[in-house]
Amino acid sequence: MTGADIKSVLNFSAFRPEPDDPSAGWRRRFPSSRTVFFGLGRNSLSWRVVGRNGKPGDPEIVRADPKETLAQSAVNIREQTDEGWCSVSINTRYVISLETNLSRRPGSEELLKTNPRGVLGGRYERGKLYAVTHNPETNSSILLSCDEEQIRKVETMFREPGFRLGRLCCGSYVLLRHALSTTNTKTGEKPLSTFYVVCSEGAVCALVQDQDRWLELRSRTDVYDEDLTAIADLLAPFQSRLSPESGITLVCDEPIAGLAERLATVLPNRPIQDLSTPGLLVTLLMNN
Amino acid sequence: MQLDARTIDDFKADRKGITPPLPTILRLVPILLYCSIAVTVLLVSLFLVQYRMATQKRDGHLLQAKTLLGQKDASRNDRSALEIRIKKATDVKSWVAGSRQLQPLIMEITRSMAPKSTIMDLRLERDAASPAQLNLAPRLGPDTTNQLDTTLERMATQKYRVLSPEQQLGRGELAYRATLIRQEPDRQPEAPLPPAPKP
């Protein structure tokens, strides 16, 4: 036992998870610390500082090369945090796909991180990192894959200016899982048929759920900046594939003005359930 | 269908050697430590306050004892002075009581003084060896011869007989010395006892 161990017991930090422990929630790791949440796009970098009271500050976004933006703003942003701890949500260079017949053996989700080949079999691609969400009623699964090299570059990009990486995740995937868990909460009732539309800093993900089944998923990154036409063009083809009773579930990292109206135009006569709230993605990342 | 999405899939490279947090129950260890420190500080503070109060009380008692000792010494001195005065008063009282028999003699000596004569000194002592005798030693002036005779005559009225008189005449004064014996009143002779009857 060293002096640091004794100190950690006396200041109660030994009873909290370590700051880079991915198995623990953000609030447990940083109960009263200032941290920053980054959103990384291909040509944009956004950040939002969370104060000691856990309240997110105002969002800031710079539409330029993220690396240059970070190099210029790192000192200023880092001063607003206690020890430089940050969470990064990548919104580019990832793939979300719908797969079937993936292994669901106990522990397969953990095994996916250490030995993805054992879970994915022939679908495994070398140099990729994966995350999976299984449909509990069918054999379909949502699979997120990222280039490991790209992930390491992002880690280096943030560590070089002095940030300490506490979490690195995909914002669209987090929002999609949030939408699925929010809408599919009850068992034994008539399953929900809806069209999930997820928007996160230029990335769009659309999932068609017909009752218990996931029928189609389309994910694109760097689709929009401020013009919503690209979103409308991406989603318009789904009109013919949605069932008549299917509604629309919209979830965005920040509420996008006019998006719901635009969806109502593209996909008419469908009720829209908008789950978007200000700072939704940051709130989800902090609470989980 | 029910989905649980409370976990966030993290792509960050995991650091090796991440230790899990200690069990919550072990929070009692630092809590008890801090409580014991707080209690110790409280007790030490109370002890210090009590110690300070006790010290002040002791100092007060010492000061009071010192004052009382001073008062005791002063009282003792007063008592000693009083005892001395009592002794003097007792002596005076004893002298007054002892000299009561001599007062008529002294009064006669005083009354015998003529207007132009003075008693410069008068000593009247009872002889320790024979208490019945008085040693008289007056110094008279300036009209000495007539005055001495007058005084001796008045003394004779008090039934004192003068023995071994000595006088010494100086410049305007006369030093006289004599022994006085009080003449006892004549006693009646005792009657002879009657003879015892014969059987």
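Residues numbered from 1 in each chain as written. Chains lettered and ligands numbered in written order. Predicted model: local features only at pLDDT ≥ 70, side-chain atom pairs only at ≥ 80, totals over all residues.

A. Main features of the overall build of chain A. A tally of regular secondary structure across chain A gives 10 helices and 13 strands. Here chain A, with 288 residues, has 37% of them falling under the buried criterion. Across chain A, the fraction of contacts at a sequence separation of at least 24, relative to all contacts at a separation of at least 6, is 62%. (Helix = DSSP H or I, 4+ residues; strand = E, 2+ residues; numbered from the N terminus. Buried ≥ 20, exposed ≤ 12 C-beta atoms within 10 Å, placed from the backbone. Contact = placed C-beta atoms within 7 Å.)

B. Inspection of the interface of chain B and chain A at higher detail. Listed as interface residues are 23 residues of chain B and, on the opposing side, 37 residues of chain A. Partitioning the side of chain B that touches chain A into residue classes produces 11 nonpolar, four polar and eight charged. (Nonpolar A, V, L, I, M, F, W, Y, C, P; charged D, E, K, R; others polar.)

C. Structural detail: the sheet that holds strand E11 (residues 213–220) of chain A. All names here are of chain A. In space, the five strands of this open sheet follow the order E11-E10-E9-E12-E13, with mixed pairing throughout. Looking along the sheet, the strands with just one partner apiece sit at the ends: E11 and strand E13 (272–274). On average, adjacent strands in this sheet sit at an angle of 15° to one another, irrespective of strand direction. With six bridges joining them, strand E9 (residues 194–200) and strand E12 (residues 247–252) adopt parallel strand pairing. Residue pairing in the sheet places Thr-194 in a bridge with Gly-247 of E12. Seen against the sheet, helix H7 (residues 171–183) touches E9, strand E10 (203–210), E11 and E12 and runs at an angle of roughly 145° to E9. Helix H9 (residues 259–266) contacts E9, E12 and E13 of the sheet and is inclined by roughly 150° relative to E12. (Pairing = 2+ DSSP bridges. Axes fitted to C-alpha atoms, helices over the stretch in contact; angles between N-to-C directions.)

D. Highlighting the sheet that holds strand E3 (residues 160–169) of chain B. Residue and element names in this part refer to chain B. One open sheet accounts for four strands, arranged E1-E2-E4-E3; its pairing is antiparallel. Bordering the open sheet on either side are strand E1 (118–126) and E3, each of which pairs with just one other strand. Between one strand axis and the next, the sheet turns through 15° on average, direction left out of account. Sheet topology note: the strand E2 (residues 133–141)/strand E4 (residues 174–182) ladder contains six bridges and is antiparallel. Within the sheet, the bridge partner assigned to Arg-139 lies in E4 and is Ala-175. Contacting E2, E3 and E4, helix H3 (residues 145–157) crosses the sheet at an angle of about 165° to E3.

E. Region of interest: the nonpolar core. In terms of nonpolar packing, the biggest core is built from 71 residues, with Cys-86, Val-88, Val-174, Leu-176, Val-197 and Val-198 of chain A touching the most fellow members. The contacts of Val-198 of chain A, once residues within four sequence positions are left out, are Ser-172, Leu-175, Leu-176, Ala-179, Val-204, Cys-205 and Val-251 of chain A. (Core = buried A, V, L, I, M, F, W, Y, C linked by C-beta atoms within 7 Å.)

F. Spatial organisation of the pairing of strand E6 (residues 128–134) of chain A. Residue and element names in this part refer to chain A. The buried fraction of E6 amounts to five of the seven residues, a majority that puts the element mostly inside the structure. By the bridge criterion, seven bridges tie E6 to strand E7 (residues 140–147) in an arrangement that is antiparallel. Counterpart to His-134 in the pairing with E7 is Ser-141. Here E6 folds back onto E7, and the loop between the two strands holds five residues.

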